[in-house]
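# Architecture at a glance
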Amino acid sequence: MAFWAGGSPSIVDYFPSEDFYRCGYCKNESGSRSNGMWAHSMTVQDYQDLIDRGWRRSGKYVYKPVMNQTCCPQYTIRCRPLQFQPSKSHKKVLKKMLKFLAKGEVPKGSCEDEPMDSTMDDAVAGDFALINKLDIQCDLKTLSDDVKESLESEGKNSKKEEPQELLQSQDFIGEKLGSGEPSHSVKVHTVPKPGKGADLSKPPCRKAKEIRKERKRLKLMQQNPAGELEGFQAQGHPPSLFAPKAKSNQPKSLEDLIFESLPENASHKLEVRVVRSSPPSSQFKATLLESYQVYKRYQMVIHKNPPDTPTESQFTRFLCSSPLEAETPPNGPDCGYGSFHQQYWLDGKIIAVGVIDILPNCVSSVYLYYDPDYSFLSLGVYSALREIAFTRQLHEKTSQLSYYYMGFYIHSCPKMKYKGQYRPSDLLCPETYVWVPIEQCLPSLENSKYCRFNQDPEAVDEDRSTEPDRLQVFHKRAIMPYGVYKKQQKDPSEEAAVLQYASLVGQKCSERMLLFRN
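Residues numbered from 1 in each chain as written. Predicted model: local features only at pLDDT ≥ 70, side-chain atom pairs only at ≥ 80, totals over all residues. Heavy atoms only, no water.

## Describing the overall build of the protein chain
Worth spelling out the cut-off: Comment: elements are numbered from the N terminus, with helices defined as DSSP H or I runs of at least four residues and strands as E runs of at least two. Burial classes: relative accessible area under 20% of the type maximum marks a residue as buried, over 50% as exposed, and values in between as partly exposed (1.4 Å probe, protein chains only). To measure how exposed things are, a 1.4 Å probe is used in the Shrake-Rupley method; for residues, cover is taken only from the protein chains shown.
Counting its regular elements, the protein chain contains 12 helices and 16 strands. Among the 518 residues that make up the protein chain, the fraction classed as buried is 54%. As displayed, the protein chain offers around 24400 Å² of accessible surface, 51% of which is attributable to carbon and sulfur atoms.

## Observations regarding the pairing of strand β4 (residues 61-65)
Which entries qualify depends on this criterion: Whether two strands pair depends on DSSP finding at least two bridges between them.
Of all five residues in β4, five are buried; the element is thus mostly enclosed. Neither face of β4 is left uncovered, since the one carrying Tyr-61, Tyr-63 and Pro-65 and the one carrying Val-62 and Lys-64 both have all their residues buried. As judged from the five bridges shared by strand β2 (residues 34-41) and β4, these two strands associate in the antiparallel manner. Bridging from a neighbouring strand, Asn-35 pairs with Lys-64 of β4. Pairing of strand β3 (residues 56-58) with β4, which is carried by three bridges, proceeds in the antiparallel orientation.

## Remarks on the packing of helix α2 (residues 88-103) against helix α9 (residues 379-397)
Applied cut-off: Only C-alpha atoms enter the line fits that serve as axes; for helices the fit covers just the stretch in contact. Angles between N-to-C directions range over 0 to 180 degrees. These descriptions rest on fixed angle ranges, namely under 35 degrees for roughly parallel, over 145 for roughly antiparallel, 65 to 115 for roughly perpendicular, and the rest for oblique. For this analysis, residues touch if any pair of their heavy atoms sits within 4.5 Å. When residues are sorted by character, Ala, Val, Leu, Ile, Met, Phe, Trp, Tyr, Cys and Pro go into the nonpolar class, Asp, Glu, Lys and Arg into the charged class, and all the rest, Gly among them, into the polar class.
Two numbers describe how α2 lies on α9: the axes approach to 10 Å, and their chain directions differ by 100 degrees. By the criterion of interaxial angle, the relationship of α2 to α9 is roughly perpendicular. Of the residues in α9, those in contact with His-90, Val-93, Leu-94 and Met-97 of α2 are Leu-379, Val-381, Tyr-382 and Leu-385. For the contact of α2 with α9, the residue count by class is seven nonpolar, one polar and no charged.

## A closer look at the pattern of salt bridges
Cut-off, in case you're wondering: Any carboxyl oxygen of Asp or Glu within 4 Å of a side-chain nitrogen of Lys or Arg constitutes a salt bridge here.
Under the criterion given, the structure shown has 20 salt bridges. Of the charged contacts in the structure, one is a salt bridge between Glu-511 and Arg-470, with a shortest N-O distance of 3.1 Å. Taken together, the positions of Glu-511 in helix α12 (residues 492-512) and Arg-470 in the loop between α10 (438-447) and β14 (472-475) put the pair 41 residues apart, joining distant regions of the chain. If you follow the salt bridges from partner to partner, you end up with Asp-46, Asp-49 and Arg-512 in one network.

## Regarding the sheet that holds strand β1 (residues 11-15)
Sheets are built from strands paired through backbone hydrogen bonds, the pairs being either parallel or antiparallel. If you trace the seven strands from one edge of the open sheet to the other, you get β3-β4-β2-β1-β16-β14-β15, paired in mixed fashion. Every interior strand has two partners, whereas the edge strands, β3 and β15 (478-481), have only one. This sheet shows a mean twist of 35 degrees between the axes of neighbouring strands, independent of strand direction. As defined by bridge partners, β14 adjoins β15 across four bridges and the pair is classed as antiparallel. The partner of Val-473 across the bridge, within β15, is Met-480. Strands in contact with α12 are β1, β2, β4, β14 and β16 (514-517); relative to β16, the strand with the most contacts, it is inclined by about 155 degrees.

## A closer look at the packing of aromatic side chains
Definition in use: Think of it this way: a Phe, Tyr or Trp ring, Trp meaning its six-membered ring, pairs with another when their centres are within 6.5 Å, and the plane angle makes it stacked under 30 degrees, edge-to-face over 60, tilted otherwise. Lysine and arginine charges are scored as sitting over a ring when NZ or CZ, respectively, is within 6 Å of the ring centre and within 35 degrees of the ring normal.
Scanning the entire structure with this criterion turns up 18 aromatic pairs. Considering the side-chain rings of Tyr-295 and Phe-315, the 5.3 Å spacing of their centres and the 35 degrees angle between planes classify their relative orientation as tilted. In this pair, Tyr-295 is assigned in helix α7 (residues 282-302) and Phe-315 in helix α8 (residues 312-320), connecting sequence segments 20 residues apart. Judged by relative accessible area, Tyr-295 falls into the buried class, the value being 0%. An angle of 40 degrees between the planes, with centres 6.1 Å apart, marks the rings of Tyr-482 and Tyr-485 as tilted. Highlighted residues: Tyr-482 and Tyr-485, both in helix α11 (residues 482-485), separated by three residues, approximately one helical turn. Take Tyr-482 and Tyr-485: they sit in the same class, and that class is buried. Put simply, the rings of Tyr-292, Tyr-295, Phe-315, Phe-318, Tyr-367 and Tyr-369 pair up and form one aromatic cluster. Lying over the aromatic face of Tyr-403, Arg-78 brings its terminal NZ or CZ to 3.8 Å of the ring centre. Its guanidinium or amino end placed over the ring of Trp-345, Arg-273 lies 4.2 Å from that ring's centre, counting from NZ or CZ.

## Description of a nonpolar patch on the surface
Let me state the cut-off plainly: Note on patches: the residues involved have over 30% relative accessible area and no salt bridge, like charges join within 9 Å, and the nonpolar side chains Val, Leu, Ile, Met, Phe, Trp and Tyr join within 5 Å.
On the surface, Met-300, Val-301 and Ile-302 cluster together into a nonpolar patch covering about 200 Å² of accessible area. Within the secondary structure layout, Ile-302 lies in helix α7. Owing to a relative accessible area of 31%, Ile-302 belongs among the partly exposed residues under this scheme.

## With respect to the pairing of β2
Where burial is concerned, most of β2 is hidden: eight out of the eight residues are buried. Where β1 lies against β2, five bridges are found, and the strand directions are antiparallel. Bridge pairing in β2 places Val-12 opposite Ala-39.

## Points about α10
Among the residues of α10, those classed as buried are Ile-438, Gln-440, Cys-441, Leu-442, Pro-443 and Leu-445. Buried residues in α10 make contact with β5 (75-79), β11 (403-409), β12 (425-428) and β13 (435-437).

## Some words on the nonpolar core
Applicable threshold: Residues belong to one nonpolar core when they are buried, are Ala, Val, Leu, Ile, Met, Phe, Trp, Tyr or Cys, and are joined through side-chain atoms within 4.5 Å.
In terms of nonpolar packing, the biggest core is built from 106 residues, with Met-37, Tyr-369 and Tyr-422 touching the most fellow members. Residues Tyr-25, Cys-71, Ile-410 and Cys-413 belong to the second largest nonpolar core, which totals seven residues.

This is the structure in C-alpha cells:
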C-alpha cells in the first residue's frame, strides 16, 4: 500500500485512445490522437511527474498525445529561467509596456502577438463538450467520500490552509543564479532554408561586446565552483544575473527591465495579482465574473467565437477547475503549490489572465487570455516574461523550483514555434523522457515530425512500468494492488487498458495514484 503524506492521493479514470480526432493545429479532421484520464484529484508531485512524461491538463482532463501516430507531435518544452536573458524583441515588448505605463504611449501600426497557448492545445483536450461530458460521467459525488472513508480507516487525515493572495509589485526580490543542470550538448550547425526566417537552431545574434561579457561571466563561474554569483543590488533593483556591475552600461537583467521605476505622474498603473483558483480563494471568487467577461471578449474577437459561447460554466470547467490539491508546505513558496490565475490589473480593471500551475519543480503555463483592446501591448510575450521572472522569484525560497514549462512545442505548426525563442530551453524525449537542449533537437525535427531526441540507442525509460502488479486500484470502495484486482477480472481488454495506463504514467505514479475501476 502506498503512503500519501499530508493528504489524499491522486484518483484518476483512464480512457485509452480509441479513435482519431480533429487536429486543432493542421485542421486535419482525423489526424489527432491522444490518451487521456479524468483526474478527480491529483497531488502536485504526481502532476509534476506526469508532465515530465509528456502529459498535460485541460481543466480536470489530463492527456498525452500518441506521439508516433498523431499528425502534429507535441513535445513538452521547458525554459531554464535561471540562465534566461531577454532577446532584443523581448526587450522591445518590455520597453513598450513601460512607455505605455509612464506616458500613455500607444505604438502605431499592427502588432503581432505570441499568446502563450492561445489556441486549443488539442482537439480532444480543448473540446468543451467532451470536458463537460466527462465531468458529468466521472465526477462522482460519492467517490471522494469513499476514498476518505478508506483512508480514514487507516488513520490518514490532513488539514489544509488557504494561502493568501500574492501581489507582485515593484518591490521584487531578486535572486542568486544557480548553476542549473549541466549540459552535455553537442554543437549542431545547420543552414537556414530560404524564406524560413530566423534559424532557431542557432542562438539569437549578439554583439561582440555582449559575447566578451558572457565569456567573462563564464570565467567567473569557473572560478566559483558553487556556481553562484552575487549580483550588484542597488536600491529598488534586484541582483543581476551577471557579475557585479562595474560600469553603468552593463546589460539590464529581466527584473531591471520589468520593474523599472515609473515617474510619480505615470499615466497608468499595472499590478499583477496571483490568486488561487482551485480551491477558489475569496479574491478569485470576487473577480470571477470580470475575468470571464475578458475571456469571452477574447474568444469573440481573437478566435471569432459566437457571442453565446463559451458559457460561464464552460469557462469555469476549462480554465478554473483543476484536479490539483492545494499544498502549503513550510519549505514551499509562500503562495503554496496548486492552480492559480495570474491577473493583470491596469488602472483597477483586469486586462489579462495567465492560468498557471505552481508545482514542486516548475511554474507551468496553462493558458492566457486578454482584453483584445490591449493587443498592442503584446500581452502574450509580456505575460511569458513576467511568468519567467515569477519563477525566478519563487526559486529564491524554493530552490528546486527552477523551470518554466511552456506547454507543447509543435515544430510543424508555425504559430507554435515561437516558444523556441525563450532560451535556453529543452524538449522532452518522447521515448526516454530525458530533457535535451532544443538546439540539438531542431535539425532532426526539420527531417521528421516525430523524433527520438535521446541519441543513446541503448537508453530506455528509467521509470518504465516494471512491476504492474504494484499499481494501485480503487475498486468497490477498497484500495488494492493490481495483482489482487486482476484475479477478480475476466475481461481481457481490462488488462490491456490497465497495462497501457501503467506504461504511460510510469512505475512511480502507478504506485502512488489510484486508478478508479467500476
